[in-house]
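Examination of the molecular architecture
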Amino acid sequence: MSAPEQIDGTAVVTTYFEDRITAAQKEVEEARAALAAAEAKVAQRQTERDTFVRDGSLPPATYNAASGQPEWELCGWAQTRSARLAFKDLTPAGNSAFNRLRAEEKAVHRWLREHGRIVPAPFGEKA
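A few points on the structure.

Rules and cut-offs
Residues numbered from 1 in each chain as written. Predicted model: local features only at pLDDT ≥ 70, side-chain atom pairs only at ≥ 80, totals over all residues. Heavy atoms only, no water. Helix = DSSP H or I, 4+ residues; strand = E, 2+ residues; numbered from the N terminus. Buried < 20%, exposed > 50% of the residue type's maximum accessible area, 1.4 Å probe, protein only. Contact = heavy atoms within 4.5 Å. Areas by Shrake-Rupley, 256 points an atom, 1.4 Å probe, with all protein chains shown as cover. Polar contact = N/O pair within 3.5 Å; in protein donor to acceptor, adjacent residues only side chain to side chain. Salt bridge = Lys/Arg side-chain N within 4 Å of Asp/Glu carboxyl O. Core = buried A, V, L, I, M, F, W, Y, C linked by side-chain atoms within 4.5 Å. Phe/Tyr/Trp six-rings, centres within 6.5 Å; stacked < 30°, edge-to-face > 60°. Expected span 1.5 Å × (residues − 1).

We now examine the overall build of the protein. From N to C terminus, the protein includes four helices and zero strands. Ordered by position from N to C terminus, the α and β elements of the protein give α-α-α-α. Within the protein, buried positions represent 19% of all 127 residues. A separation threshold of at least 6 residues defines the contact pool for the protein, and within that pool the share at least 24 residues apart is 42%. Summing over all exposed atoms, the protein offers an accessible surface of approximately 9,600 Å²; the carbon and sulfur share of this is 58%.

Next up, the structure:
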């Protein structure tokens, strides 16, 4: 065992700072990885949109419902938009916006049906 007087205190304190620098660099690397993943997600969503605009196809489901179909995610998205507004802004203007979003939700269901897709029962029964 080394005696405290044999250890260079400056070197130990410098090690403290080096450890903190290493931890901060790790945070930077993790942030860069998260940013790269987010940018890749944006690119993927743009590709999905472009594919839809080009040929009307929907991307594979990302919501792993029992059916595993993209209709679940699309219907859930439409429903969530109107539900979020319903609880946020209960005013005449908010009601108008809510009614607009409910109409958009029904339009999504209609589009799915018109294109030979199934509106999942939990969504389609009320539309």
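Tracing the backbone shows Y16 in helix 1 (residues 9–55). For Y16, a relative accessible area of 43% puts it in the partly exposed group. One polar contact links Y16 to R20, side chain to side chain, over a distance of 2.6 Å.

This paragraph deals with the pattern of salt bridges. The full count for this structure, using the stated rule, is seven salt bridges. The closest approach of N and O atoms between E104 and R81, which form a salt bridge, is 2.7 Å. Taken together, the residues span a long stretch of sequence, with E104 in helix 3 (residues 92–114) and R81 in helix 2 (residues 70–88) at a distance of 23 residues. Look at R81 and you get partly exposed, because its relative accessible area is 27%. Residue R100 is joined to E104 by a salt bridge in which the shortest nitrogen-to-oxygen separation is 2.9 Å. One end of the pair is R100 and the other is E104, both in helix 3 and four residues apart, which spans about a single turn. Given a relative accessible area of 22%, E104 falls into the partly exposed group. A cluster of three or more residues bridged by salt bridges with shared partners is formed by R81, R100 and E104.

On to the nonpolar core. Formed by L58, W72, C75, A78, V108, W111, L112, V119 and F123, the largest nonpolar core amounts to nine residues. Breaking this core down by element, the ones donating at least two residues are helix 2 and helix 3. The contacts of A78, once residues within four sequence positions are left out, are E105 and V108.

Attention now goes to the packing of aromatic side chains. Evaluation of the coordinates by the stated rule reveals two aromatic pairs. Here the aromatic rings of Y16 and F17 are separated by 4.9 Å at their centres, their planes lie at 70 degrees, and the arrangement is edge-to-face. Residue class for F17 comes out partly exposed when judged on its relative accessible area of 46%.

Glancing now at helix 1. Three- or four-residue spacings in an α-helix give side chains the same orientation, since the helix completes a turn every 3.6 residues. Between its first and last C-alpha, helix 1 extends 69 Å over 47 residues, near the 69 Å set by a 1.5 Å rise per residue. With a side-chain oxygen lying 3.1 Å from the backbone nitrogen of T10, the N-terminal cap of helix 1 falls on D8. Positive backbone phi, approximately 75 degrees, marks G56, located one or two places after helix 1.

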